[in-house]
Amino acid sequence: MANIARLFASRVAQLAQQQQQQQTKLLRLYSSAAPKAYEFIKAELTGEKKNVALITLNRPKALNALCNGLVAEISDALDRYEADDSIGAIVITGSEKAFAAGADIKEMQPNTYAKCINTDFLANWTRVAKAQKPIIAAVNGYALGGGCELAMMCDIIYAGDKARFGQPEIALGTIPGAGGTQRTTRSMGKSKAMEMCLTGNMITAEEAERAGLVSKVVPADKLVAEAVKLGEKISTFSPLIVRLCKEAVNTAYETSLNEGLKFERRHFHATFSTKDRLEGMTAFVEKLRQMSLVAKVLRYGEFGEPAKVLRLQEEPVPEPKDGEVLIRTLGAPINPADINTIQAVGGNECVGEVIAIGGGDAGATSLKVGDRVVPFATGLGTWRSHAIYSAGQLMKAPAGIGVAEAATITVNPCTGYRMLKDFVSLKAGDTVIQNGANSACGQAIIQLCRAWNIECVGVVRDRPEFGQLKDYLKGLGAAEILTEEELRTTKLFRDGIFRKPKLALNCVGGKNALEMSRQLDQAGVMVTYGGMSREPVTVPTASLIFKDLRFVGFWMTRWTKENAASPARAEMFNELFGLIDRGALKAPAHEMIAFDEYISAVTNALNIQGFVGKKYIFKF
């Protein structure tokens, strides 16, 4: 093994020596890589640092058909560019109409079998495939026959969105002769290669990308710029390491997997003899030492419309102290209360992943690095990519709970849970009526009622897609869904279809709340937890005197503060997590939205549209 390691280390030194010798030899032929006049191609240096060579096929009248002269000029240009240390990559392209529409058939037509054998016809076309520097094909328009083969000789193919690839030789009474049958099979597999070669059919750029022939499809007018950008990136790396890497990838075409893995591993080992590897790894380690974690934070800068006064800022994150936990936020929802509450950093809910614990992994907490957690306290300001919390402010979430379910558990499901538990003693078969049934909280209430065998009748505003909404909510478990107009005339309770509601849950107010109160059973309770209509709850005197109805309010934040250490809170979360785990409680209709798009997210959260209230959740 030691001998093999020395052999590969020697190979690296040999490659470097060969490269220098070849450059010295070629430099005797070419005093510089200065532009040279060619008949069939254009050759120039491009990129910000002029470290990418650009070869443009230039036979427009023949759609860049590959004649002997054109192929010879490509070879000459490659020789020149490979001798230039300043060039790290080469791009080959054609016109927007045609990369290359094939070989020059007029030139090829008189050939005989004997001539092809004696001259080893097309053998000189392999210069591109033998290049030591990475070559990128930028293919616009047609790449057919020899043009497709030329593109496949390159290391990477970028295609314009109107590009077409094909091997139409079958229609000319011949077969591909410069790698068409071999490289298509290796790139796309036998079936696709057979279809292309046996039918002559062309495939689009998108089909070529899906099949693995092309690595990226871009708009035609941006193609060459994108290819050059790729070449510039490759050129920033060590030429020797790039050559070793290219050699290892190409070996995958020539050997078995086992042999290829051995070849790769030995090349990898050999890089440890190079100065480039030592400098690269040393710089990376040093950069890690110098890096400090920076959090993105969404902060209110002043009073006003949220979308106008919120500011996305960056701030350093210190190391957590003993008893503290550093989390990376995975999801943080936008609730109306978040927007209406005055606090420097917005947000009251989130789910995060523990990435560091003050005092190390054995710090004074039962949490571990990698645990998912949700805040156990309010007003912490959760609209941030990273945060440090006291361990006592966090609650571990089961690993199998989804991001959306965990991120939204502490407000809407808890609000619904407490209102169903704390005001009326409900039994299986009892009825609860609620308005705003399509809101996030309303959806949670429906699912909780179903889990506890309680009939939930929901009320929503009339809308064109009411039928679709009704089906959606009944799918969640609602016993019935009524429009506000239907509520005024319903006979569901009068005719005994459902028991008269003992509990009404109101987040709308105004006439809607009044109509719901009229459906309540004797001594029933209406709990108000929102006021979307911005109209007051009005109570008829008769409802208080003769029906003995009670009207109370509920705010989850207040309950949380008053019951922070209560066993009832732990019991509530255990039951909610259990329901989620069983699939009985799902997140509301929601959309994960990038943190950087906060203006759009906050604006949409304040202007709910669609048949169901959508919850917007920041993703990080």
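Residues numbered from 1 in each chain as written. Predicted model: local features only at pLDDT ≥ 70, side-chain atom pairs only at ≥ 80, totals over all residues. Heavy atoms only, no water.

The name given to the protein in an unreviewed UniProt entry is Enoyl-[acyl-carrier-protein] reductase, mitochondrial, and the organism recorded there is Anopheles albimanus. The heading Catalytic activity (unreviewed entry) in the UniProt record of the protein holds the text "a 2,3-saturated acyl-[ACP] + NADP(+) = a (2E)-enoyl-[ACP] + NADPH + H(+)". Listed under Subcellular location (unreviewed entry) in UniProt, the entry text for the protein is "Mitochondrion". (UniProt positions renumbered as here; feature names shortened; annotations may be inferred.)

Draft legend 1. Examining the domain arrangement of the protein more closely. The domain architecture assigned to the protein consists of domain 1 (41-236), domain 2 (293-408) and domain 3 (411-587). Placing a centre on the C-alpha atoms of domain 1 and another on those of domain 3 gives a separation of 67 Å. (Domains from an automatic or database assignment.)

Draft legend 2. Expanded view of the sheet that holds strand E4 (residues 98-100). The four strands are arranged E4-E6-E8-E9 in an open sheet whose pairing can be described as mixed. At either end of the open sheet lies a strand with only one pairing partner, and these are E4 and strand E9 (203-204). Examined bridge by bridge, strand E8 (residues 164-166) and E9 share two bridges and lie antiparallel to one another. Looking across to E9, one finds that phenylalanine 165 is bridged to isoleucine 203. (Pairing = 2+ DSSP bridges. Helix = DSSP H or I, 4+ residues; strand = E, 2+ residues; numbered from the N terminus.)

Draft legend 3. Here's a closer look at helix H20 (residues 510-519). The buried fraction of H20 amounts to eight of the ten residues, a majority that puts the element mostly inside the structure. Listed in full, the buried residues belonging to H20 are Gly510, Asn512, Ala513, Leu514, Glu515, Met516, Ser517 and Gln519. (Buried < 20%, exposed > 50% of the residue type's maximum accessible area, 1.4 Å probe, protein only.)

Draft legend 4. Molecular detail of helix H5 (residues 146-153). Within H5, eight of the eight residues are buried, which leaves it mostly tucked inside the rest of the structure. All buried positions along H5 are accounted for by Gly146, Gly147, Cys148, Glu149, Leu150, Ala151, Met152 and Met153.

Draft legend 5. Looking closely at the sheet that holds strand E20 (residues 480-483). Spatially, the six strands line up as an open sheet ordered E20-E19-E18-E21-E22-E23, and their pairing is parallel. Both outer strands of the open sheet, E20 and strand E23 (550-553), are each paired with one neighbouring strand and no more. Ignoring strand direction, the axes of neighbouring strands in this sheet form an average angle of 20°. Pairing of strand E18 (residues 431-435) with strand E19 (residues 455-460) involves five bridges; the strand directions are parallel. The partner of threonine 431 across the bridge, within E19, is glutamate 455. Most of the contacts of helix H18 (residues 466-476) go to E20, to which it runs at about 150°, and overall it touches E19 and E20. (Axes fitted to C-alpha atoms, helices over the stretch in contact; angles between N-to-C directions. Contact = heavy atoms within 4.5 Å.)

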